[in-house]
Amino acid sequence: MGPSVKVKAAVLGVGLVLPEPQPTMLPAVKGAPVPGYACSELPDAGPVPARALRRLGRTQRLALGAAHRAMEDCGGVPDPESVAVSLGTGLGTLDETAAFLENLVEGEEREPKPARFINSVHNAAAAQTAMAFGFRGENDTFVHESISFELALWQGCRLIETGRSRHVLAIGADELNPYFLLAGREYGWWRKDSAPLAPMDEPGRQGTLPGEGAAAFLIGRPGSDPEGKPLPRIAGIRVRPLKEESVRNVNPADEVEFIRGLLADAGVRLGHIDLYLFGANGRAASDAAYADVGRALSEAAGGGIRCGVFKQRCGEFCAAPAIGLALAVYTVRTGHVAPEIQCRGPDGAGRPVSSVALYHLHETGYHSICLVTV
Amino acid sequence: MGIVTAAGWTPEEVWSAIEAEESGLGRLTLFDSPRCGHMPVAQVRDDPAARSDPAARSDPAARSGPAARSGLREGSRTDHLAVYAARRAFSDAGLDSFGDADRREIGVVLGTSTGGILDSEGFLRRLMLEDRLDVSLLRFHLCSSPANAVAGTLGLLGFRATVSNACASGATAIATACEVLESGEAEIVLAGGADSLARLTLNGFCSLLNVAPDGCRPFDAERAGLSLGEGAAMVVLESEAHARARGARIHAYVAGHGSTCDAYHATAPRPDGSRALAAMRSALDDAGMNPTDVDYVNAHGTGTVDNDLAEARALMQLFDGHPPPVSSTKRFFGHTLAAAGAIETVVSILALHRQRVPANLGLRRVDPAMGFEPIGHTSDGDLTVAMTNSFGFGGNNCSLLVERPTDDRGQGT
């Protein structure tokens, strides 16, 4: 990458909580079970004692686990009190909300459970993270379905750019829940068998698989690495509603312009990107749209581009773009494509991978692009 | 500006209630609950003007609640409240004449704490009590539903986000929208908050023993908790250059915003109020102002023992023991959760325009621990800058500063 790349924030530490690599059958609240990727064991959360952890909701625990790993990865920050938290979650701690409401229905509102209510609040995970690590900076939770994490990352970068915060922990976290499985089954989101996903490689397959997980990123001002090593950087992030009603109708040329615009703001051209990482999830219409955009990108870049997918490793969930970003950061940090990413296209002739463009075409009606460089 | 609360459907109606010192608290009729009648709530009712206006009485839509008045074909109650307020704000800002292309650039940032949970409760009751699976009731469950309904209704395709910082959500949405404008992501953003009453929040706050049986009395010595409410408020935020270029009327400036986290407890505020104080100071720094520049504080003032004391301590520190006029307007509207920060921003702007300080309704005897005397009755003031505070579960603190245009650049309402 050239020196003209505009840097929004340096990534000082990454923490990732991935579900099991093979999908298993999970119980929905009613009817047949649903295959999906789930975390069979929830992660440690560093400073939070096990007893306290047991009282928290699943999304809180996933977020805390990712936050703990990110803080370990960066070795701590000099002034934790100033750290801000910016978290994206599509559904929050749905398990806790459901449990509180189930109790209301069963008990005819006689004995509502306060702990469940406290955990049901959408910002509970961000608040618990702040309490666990003593982060007293701004604390925001974005809850806008599948773009929740991108919004949280945008906010985090904005806090760094404007100097409102020296460090921000940006987190994406979402849990699997029997009601989520049920709703997806009724709406026809899921496939019926538990064969692992192979996004963009299963023509004719219908449906994706649900998943869960979390990723956290401690970001700060560029150049803040004490050892002088080059740090991965978030060089740009943009998220917008789609003009079209459905991803089926997107114009690939418009998508190329959307991507080109973000890259141009960062001083990069389409052909300079070492890896385009797509959020394809195995659903036929969505995969077809990604494939169309990939072809248009290749054409616009003046040659074949290298593409990768990652949801075969975690399934589909609202905060899944955070998983993609973690894999992108690992990739530019090591120079090698992370093993969780499946790639196609020219392999760069052994050159280190120093730039990844994470692109999502959300079926909820949005698109997003995030540029990671080193 | 657009606003809908238990105290009125327009800024004028809301201000009339403030002048008359009439609380919007009353009996819960929105849904059945064993808690009905045990504590008052601030439920949005049929248009009060429609009840007294014979012409309006003949119009079924004018007599109806949010669902009929929003113009939205279907949505949760929160969606309807949000869309109603957004439409009013959009018109008030003179944006109705905008064509499709211009509207596509306009953003929406909305705060909500529970979104369409009232419908989701219906889904669960049907499933558990009748063994009927009706996933259509989950269509509006996601918190993004109100923002999407606003954007869809008005044809807006710019930056869109939903913030859920508990009871600080509405204020945080306005602060975030300011950042959207400053970053150049948009020139115009509709921002605010919306929440409806629901069994989840009603029972939740009751389980925490945080609801006052006779209505909230912020800063009172015998305060016994909050009163729940519902509503929405939206403001059109615009870069000043853009607003001037199109000749828009400017109601007020958002002069500064500041946010912090207590990192102390899941529900209780940090007792010394130090992080709330930091949020207020951050807002002042952002605005380049001193505490002495603040002429009025619209306090978060929920009426809970802990919140009011922590906020009072922060205010006494910030203003060196001599705060400007302070009032909490929660007894007018109830605690509308994510809508509160947006509603109170609109109320603060109205106060600046009318040069009147809203009453701290419900006050009988000030808790001496507060150290200051909130404004007991709506009264005259000399107001240029108002601070409005919003604090929430999880220790979220957000302070906004709004400033009245003091030259011929803007015009009041």
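What you see as residue numbers is a count from 1 along each chain, following the sequence as written. As they are written, the chains are lettered A onward and the ligands numbered 1 onward, keeping that order. The predicted origin of the model limits local features to residues at a pLDDT of at least 70 and limits the giving and counting of side-chain atom pairs to 80 or more, whereas totals for whole chains, interfaces and linings rest on all residues. Only hydrogens and water are set aside when side-chain values are computed; all heavy atoms of the structure are taken into account.

1. Examining the overall build of chain B
Here comes step 1: Helix and strand content of chain B: 16 helices and twelve strands.
Here comes step 2: It is over C-alpha atoms that the radius of gyration is taken, and the globule rule equals 2.2 Å times the number of residues to the power 0.38. Here chain B has a C-alpha radius of gyration of 20 Å; the compact-globule value for 413 residues is 22 Å, and the two agree.
Here comes step 3: Projected onto the principal axes, the alpha-carbon positions of chain B cover approximately 60 × 50 × 45 Å.
Here comes step 4: Classification of the 413 residues of chain B by burial places 65% in the buried group.
Here comes step 5: Any two residues whose heavy atoms approach within 4.5 Å are treated as being in contact. Partitioning the intrachain contacts of chain B with sequence separation of at least 6 by distance along the chain shows that 76% fall at a separation of at least 24.
Here comes step 6: Element-wise, carbon and sulfur atoms account for 46% of the exposed surface of chain B, whose accessible area totals about 13,500 Å².
Here comes step 7: None of His or the chain ends enter the tally, which takes Lys and Arg as positive and Asp and Glu as negative. Each charge is placed at NZ for Lys, CZ for Arg, CG for Asp and CD for Glu. If you average the places of the 36 positive and of the 51 negative side-chain charges in chain B, the two averages end up 6 Å apart. Only DSSP runs of H or I with at least four residues qualify as helices, and only runs of E with at least two residues qualify as strands; both kinds are numbered from the N terminus onward. Partly exposed describes any residue whose relative accessible area lies between the buried limit of under 20% and the exposed limit of over 50%, with all areas from a 1.4 Å probe on protein chains only and scaled to the type maximum. Here the open area of atoms and residues is found with the Shrake-Rupley method and a 1.4 Å probe, where only the protein chains shown may cover a residue.

2. Comments concerning the sheet that holds strand β6 (residues 253–261) of chain B
Residues and elements named next belong to chain B.
Here comes step 1: Two strands are counted as paired when DSSP detects at least two bridges linking them. Here five strands make up an open sheet; going across it, the order is β6-β12-β11-β7-β8 and the pairing mixed. In this open sheet, the two edge strands, each paired with only one partner strand, are β6 and β8 (326–327).
Here comes step 2: Alignment of strand β11 (residues 385–392) against strand β12 (residues 396–403), held across eight bridges, turns out to be antiparallel. The residue bridging V385 from the neighbouring strand is E403, located in β12.
Here comes step 3: Working convention: axes come from line fits to C-alpha atoms, limited for helices to the stretch in contact. Angles between N-to-C directions cover 0 to 180 degrees. Sitting on the sheet, helix α16 (residues 340–354) is in contact with β7 (296–298), β11 and β12, with an inclination near 165° to β11.

3. A word on the nonpolar core
Here comes step 1: Core analysis: the largest hydrophobic core is formed by 94 residues, its most contacted members being L153(A), F217(A), I323(A), L325(A) and V109(B).
Here comes step 2: If one sorts the elements of this core by residue count, helix α10 (residues 320–334) of chain A sits on top with nine residues.
Here comes step 3: Among residues more than four places away in sequence, those in contact with L325(A) are F149(A), L153(A), F217(A), I234(A), L358(A), C370(A) and V372(A).
Here comes step 4: Only buried residues count toward a nonpolar core, which is a set of Ala, Val, Leu, Ile, Met, Phe, Trp, Tyr and Cys residues joined through side-chain atoms within 4.5 Å. Counting 45 residues, the second-largest nonpolar core is a separate cluster that includes L101(A), F117(A), F180(A) and M39(B).

4. Some details on the pattern of salt bridges
Here comes step 1: Any carboxyl oxygen of Asp or Glu that lies within 4 Å of a side-chain nitrogen of Lys or Arg is treated as forming a salt bridge with it. As enumerated under the stated definition, the model contains 36 salt bridges over all chains in all.
Here comes step 2: With a shortest N-O distance of 2.9 Å, R333(A) and D73(A) are connected by a salt bridge. You can see R333(A) sitting in helix α10 and its partner D73(A) sitting in helix α2 (residues 58–74), a full 260 residues away along the chain.
Here comes step 3: A relative accessible area of 32% places D73(A) in the partly exposed class.
Here comes step 4: A salt bridge links R260(A) to E257(A), with the shortest nitrogen-to-oxygen separation between them at 3.1 Å. Of this pair, R260(A) and E257(A) are both found in helix α8 (residues 252–265), three residues apart, which corresponds to roughly one turn of the helix.
Here comes step 5: Residue E257(A) is classed as partly exposed on the basis of its relative accessible area of 44%.
Here comes step 6: Here the salt bridges share partners, and the residues they tie into one network are R158(A), R164(A), E179(B), E182(B) and D286(B).

5. Looking at the confidence of the model for chain B
Here comes step 1: With 94% of its residues at a pLDDT of at least 70, chain B reaches an overall mean of 94.
Here comes step 2: Among the prediction metrics, the complex's ipTM stands at 0.96, with pTM recorded as 0.96. Residue-level confidence of the predictor is what pLDDT reports, using numbers from 0 through 100.

6. Comments concerning the pairing of strand β8 (residues 233–241) of chain A
Residues and elements named next belong to chain A.
Here comes step 1: For β8, a buried count of seven out of nine residues is recorded, marking the element as mostly surrounded by other parts of the structure.
Here comes step 2: As judged from the two bridges shared by strand β1 (residues 9–17) and β8, these two strands associate in the antiparallel manner. Looking at the pairing, A9 lines up with I234 of β8.
Here comes step 3: Of the pairings in the sheet, the one linking β8 to strand β13 (residues 366–373) comprises eight bridges and is antiparallel in character. Note that in β13 the partner of G236 across the bridge is L371.

7. Notes on unusual backbone geometry
Here comes step 1: Although it is not a glycine, E145(A) sits at a positive phi angle of roughly 40°.
Here comes step 2: Tracing the backbone through its elements, the reader meets E145(A) in the loop between β5 (139–142) and α6 (148–162).

8. What to know about the interface of chain B and chain A
Here comes step 1: Contacts between the two partners involve 67 residues from chain B, matched on the other side by 59 residues from chain A.
Here comes step 2: Of the roughly 5,100 Å² buried where chain B meets chain A, counting both sides, 63% is carbon and sulfur surface.
Here comes step 3: Linking chain B to chain A there are seven salt bridges.
Here comes step 4: A salt bridge links R158(A) to E182(B); the shortest N-O distance between them is 3.8 Å.
Here comes step 5: Here a polar contact is recorded for every N or O atom pair within 3.5 Å, except that within protein the pair must consist of a potential hydrogen donor and a potential acceptor, and residues adjacent in sequence are included only if both atoms are side-chain atoms. On the surface where chain B and chain A come into contact, there are 30 residue pairs in polar contact (both at pLDDT 80 or more).
Here comes step 6: The set of elements that each furnish at least two residues to the side of chain B that touches chain A consists of α8 (117–130), α9 (145–154), β3 (160–163), α10 (169–183), α11 (199–207), β6 and α13 (274–287) of chain B.
Here comes step 7: Charged residues are taken to be Asp, Glu, Lys and Arg, nonpolar residues to be Ala, Val, Leu, Ile, Met, Phe, Trp, Tyr, Cys and Pro, and polar residues to be all remaining types, Gly included. Here the side of chain B that touches chain A is built from residues that sort into 27 nonpolar, 25 polar and 15 charged. By buried area we mean the combined loss of accessible area, with a 1.4 Å probe, across both parts when two parts are placed together.

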